[in-house]
Amino acid sequence: MKYERISKGTFLERPNRFIAYAWLAGKKEVVHVKNTGRCAELLRPGASIYVQESDNPLRKTKWDLIGVEMGGLMINMDSQIPNKVVKEWVEAGNLAPDIRLVRPETVYGNSRFDLYVETKSRKIFIEVKGVTLEENGVVRFPDAPSERAVKHLQELEKAVREGYEAYVFFVIQMKDVRYFTPNRDTHPAFCEALKAAKAAGVRLLAYDCQVSGDRIEIADPVPVVLESPRLKEIAEPLIAWYRENRRELPWRNTSDAYRIWVSEIMLQQTRVEAVKPYYERFLRELPTVKDLAEVPEDRLMKLWEGLGYYNRVRNMQKAARQVMEEYKGEFPHTYDTIRSLAGIGNYTAGAVSSFAYGIPKPAVDGNVLRVLSRILASEEDIMKASVRARMEKALEEVIPENEASDFNQSLIELGAIVCVPNGEPKCDFCPAAEYCLAREKGIQTELPVKSKAKARRIEKRTVLIFRDAEGVAIRKRPQKGLLAGLYELPNVEGHLTGKEVTAYGKAIGLTPVRVRKLEHAKHVFSHVEWHMIGYEMLVDELEKNCGEEMIFAKKEELETVYSIPSAFEAYMDRTLKSNREG
């Protein structure tokens, strides 16, 4: 869009919404203001302005205010121009290639929308909003409350329900801004209405413009941030901090989706340092999805031994078999296909897709929830699925283009080494400190809010080490339930006395030579605690008398073949030591 008859002048003052005074060609002139918004941040005394001379000699006001320069930024202020430049943009085929009709000012319901567009198969309403309010590269709308704007959004929702496509097109009447966000300070109701409209299927577009004194045309898309501008602001400093301070971890030196996936599953509910040797060993033996899909279950369990939560690795094998069957052995490349694999939830899908492929999806784990709760000073319970979903939604719209991996990893890293739980977070070292609302309020140690888990059930158990000079008895647990399908030391419910243990041994066909009581031990599962006592029973010819349900295992088999859960760790140490002494 090109203007004719443009002159440059100096802004003097604006006595009301409609007129201003300017210095033009050596004299003071009255200028018509074509933007009825406040624009106080733009129209400051001494600012360079651009005005258009009217081609109507009968007009009382000869000049129209078109644009203003502010800090080297050229801003178009003509509130009548956004509709025209969007119309040009649509007619040029930017919205759809087969445009048949573009009609301005079309009535629908109780509203008059700026543009109605038809293609061969689509009927589209477009509501256009001109944006001139800018601060530090952030542009906002509206600059004054606008009930009409809220009503238009509600009418667009209705149009979507009735089969139309609907758009809100924010024309940012300047170039090179960072992002657009609704103006929560001026009109929070518009912000909420815009969120509701998007959720209902109304599409949001924001584009900046190439602007000069006599020209304006739509240029490039601008990110739209509806949920949290505060999170948008932390992205750049957080990524820079991460690149400088990140820990060197084995799984960070690869973009291989399979290897990243393995690390993410191992890291669930397990400390980073503990995972490292397991990760290396696992991938040494199972370097590909195919290897994982085909490995026998007992060997898989042995490779996982010590990491706990064995359903994780069982689901991994199910997922690997899905990859072989459904994706011809190639790990899937999209968030949704990764999310469809067995045992993979939002976090893992987000981590793998962003770390391996740069897909801008969030990866929100406990560390990230803690960080976000503090930055936003959110007192919502992070254990609620709805809260996690809102956090994911807020993050997804601020992930920087082409930097999804480093952004997601920076949040995880921040929660792991700076914004830590159980004590004072290291705020003096935090790259997001100046944006942290909890720090500003002094409540960072009170967050996040996390509802307490139900009290665990206590179970008493007696663990039995039946051994001779060659080995020990073990048995396989049922295929369903706690520690399903794993091997264990024989154990019974309750705490038995030495006499009861001797009687139990004889009842299953063993001949006790010596019975020794062992130390107490405890193991905590997610919903139950085992409080254990143990007995070591030396017997004659264990292999011949193990019984049908038990297996005679030699020391080297315990170390290389059979997977014994960490619940029995205290007694396994005793078992292996006894066999060495024997």
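In case you missed it, the structure is sitting above this.
Residues numbered from 1 in each chain as written. Predicted model: local features only at pLDDT ≥ 70, side-chain atom pairs only at ≥ 80, totals over all residues. Heavy atoms only, no water.

*Asks:* Looking at this model, I keep getting lost on the packing of aromatic side chains. Mind explaining?
*Replies:* Two aromatic rings are characterised by how far apart their centres lie and by the angle between their planes. For the structure on display, the rule yields 20 aromatic pairs. Considering the side-chain rings of Phe 282 and Trp 304, the 6.1 Å spacing of their centres and the 80° angle between planes classify their relative orientation as edge-to-face. Separated by 22 residues along the polypeptide, Phe 282 in helix 6 (residues 272-285) and Trp 304 in helix 8 (residues 297-304) bring together distant segments of the chain. Judged by relative accessible area, Phe 282 falls into the buried class, the value being 0%. These aromatic residues form a ring-pair network of at least three members: Tyr 108, Phe 113, Tyr 116, Phe 125 and Tyr 164. Seen from the ring of Tyr 21, Lys 28 lies directly overhead, with NZ or CZ sitting 4.6 Å from the centre. The aromatic ring of Trp 530 is capped on one face by Arg 461, whose charged end is 5.1 Å from the ring centroid. (Phe/Tyr/Trp six-rings, centres within 6.5 Å; stacked < 30°, edge-to-face > 60°. Helix = DSSP H or I, 4+ residues; strand = E, 2+ residues; numbered from the N terminus. Buried < 20%, exposed > 50% of the residue type's maximum accessible area, 1.4 Å probe, protein only. Lys NZ or Arg CZ within 6 Å of the ring centre and 35° of its normal.)

*Asks:* Is there a simple way to think about the sheet that holds strand 14 (residues 203-212) in this case?
*Replies:* On the basis of which strands lie adjacent, the open sheet formed by six strands has the order 7-8-9-12-14-15 and mixed pairing. Among the strands making up the open sheet, the edge pair consists of strand 7 (101-108) and strand 15 (215-221). Neighbour-to-neighbour, the strand axes of this sheet turn through a mean angle of 35°, independent of strand direction. Relative to strand 8 (residues 111-118), strand 7 runs antiparallel, the two sharing seven bridges. Pairing of Pro 104 across the sheet is with Leu 115, part of strand 8. Its contacts with the sheet put helix 2 (residues 147-161) on strand 7, strand 8, strand 9 (123-131) and strand 12 (165-172), and the angle it makes with strand 8 is roughly 45°. (Pairing = 2+ DSSP bridges. Axes fitted to C-alpha atoms, helices over the stretch in contact; angles between N-to-C directions. Contact = heavy atoms within 4.5 Å.)

*Asks:* Is there a simple way to think about the pairing of strand 9 in this case?
*Replies:* If a strand is regular, its side chains alternate between the two faces of the sheet. With respect to burial, strand 9 is a largely interior element, seven of its nine residues being buried. Inspection of the sheet shows strand 8 paired to strand 9 by four bridges, in the antiparallel sense. Its bridge partner being in strand 9, Glu 118 is matched across the sheet by Lys 123. Hairpin connection from strand 8 to strand 9: four residues lie between these consecutive antiparallel strands. Bridge count for strand 9 against strand 12 is eight bridges, and the pairing is parallel. Residue Phe 125 lies in a different strand from strand 12, and its bridge partner there is Ala 166.

*Asks:* Explanation requested: the nonpolar core in the structure shown.
*Replies:* Grouped burial of nonpolar side chains is what soluble globular proteins tend to show. Counting residues in hydrophobic clusters, the biggest one holds 98 residues, and the most contacted among them are Trp 261 and Phe 282. Discounting chain neighbours no more than four positions away, the residues touching Phe 282 are Tyr 258, Val 262, Met 266, Leu 292, Leu 300, Leu 303, Trp 304, Val 313 and Met 316. (Core = buried A, V, L, I, M, F, W, Y, C linked by side-chain atoms within 4.5 Å.)

*Asks:* Where do I start with the sheet that holds strand 13 (residues 179-182) in this structure?
*Replies:* Where strands meet in a sheet, backbone hydrogen bonds hold them as pairs that are either parallel or antiparallel. Strand order in the open sheet formed by three strands is 10-11-13, with mixed pairing between adjacent strands. Each having just a single partner strand, strand 10 (133-135) and strand 13 make up the two edges of the open sheet. This sheet shows a mean twist of 30° between the axes of neighbouring strands, independent of strand direction. Bridge analysis of strand 11 (residues 138-141) against strand 13 gives four bridges, and the strand direction is parallel. Among the inter-strand pairings, Val 139 is bridged to a residue of strand 13, identified as Phe 180.

*Asks:* Just checking my understanding: could you explain the state of the cysteines for this structure?
*Replies:* Where two cysteines share a covalent bond between their sulfur atoms, that bond is called a disulfide. In total, this model carries zero disulfides according to the counting rule given. The thiol sulfur of Cys 419 is not disulfide-bonded, and the nearest other cysteine sulfur, from Cys 430, lies at 6.1 Å. Classification of Cys 419 by relative accessible area gives buried; the value is 10%. In this model Cys 436 remains outside any disulfide bridge; the closest cysteine sulfur is found in Cys 427, 6.2 Å from its own. (Disulfide = S-S within 2.5 Å.)

*Asks:* Explain unusual backbone geometry to me, please; I cannot follow it from the model alone.
*Replies:* Residues apart from glycine generally show negative phi values, whereas peptide bonds are mostly found in trans. Across the junction of Phe 141 and Pro 142, the peptide omega takes the value -5°, indicating a cis bond. Looking at the element boundaries, Pro 142 is found in the loop between strand 11 and helix 2. Cis geometry marks the peptide bond from Leu 447 to Pro 448; its omega dihedral reads 5°. Inspection of the secondary structure assignment puts Pro 448 in the loop between helix 15 (437-441) and strand 16 (457-467). Within the chain, Tyr 309 stands out as a residue other than glycine whose phi angle is a positive 45°. By the element assignment, Tyr 309 lies in the loop between helix 8 and helix 9 (311-326). Not every positive phi belongs to a glycine, and Asn 402 is a case in point at roughly 70°. Take Asn 402: it is sitting in the loop between helix 13 (385-396) and helix 14 (404-417).

*Asks:* I tried to follow the pairing of strand 12 on my own but got confused; where do I start?
*Replies:* For strand 12, a buried count of eight out of eight residues is recorded, marking the element as mostly surrounded by other parts of the structure. Alternating residues of strand 12 divide into Glu 165, Tyr 167, Phe 169 and Val 171 and Ala 166, Val 168, Phe 170 and Ile 172, and every residue in both groups is buried. One ladder, built from six bridges, connects strand 12 with strand 14; its direction is parallel. Counted as the bridge partner of Ile 172 is Asp 208 from strand 14.

*Asks:* Explain the pattern of salt bridges here, please?
*Replies:* Pairs can form between side chains of opposite charge once their charged atoms are near each other. Under the defined criterion, the tally for this structure stands at 43 salt bridges. For Glu 165, the salt bridge is made with Arg 203, and the minimal N-O distance between the two is 3.7 Å. Here Glu 165 is found in strand 12, whereas its partner Arg 203 is found in strand 14, with 38 residues between them in sequence. The closest approach of N and O atoms between Lys 276 and Glu 273, which form a salt bridge, is 3.1 Å. (Salt bridge = Lys/Arg side-chain N within 4 Å of Asp/Glu carboxyl O.)

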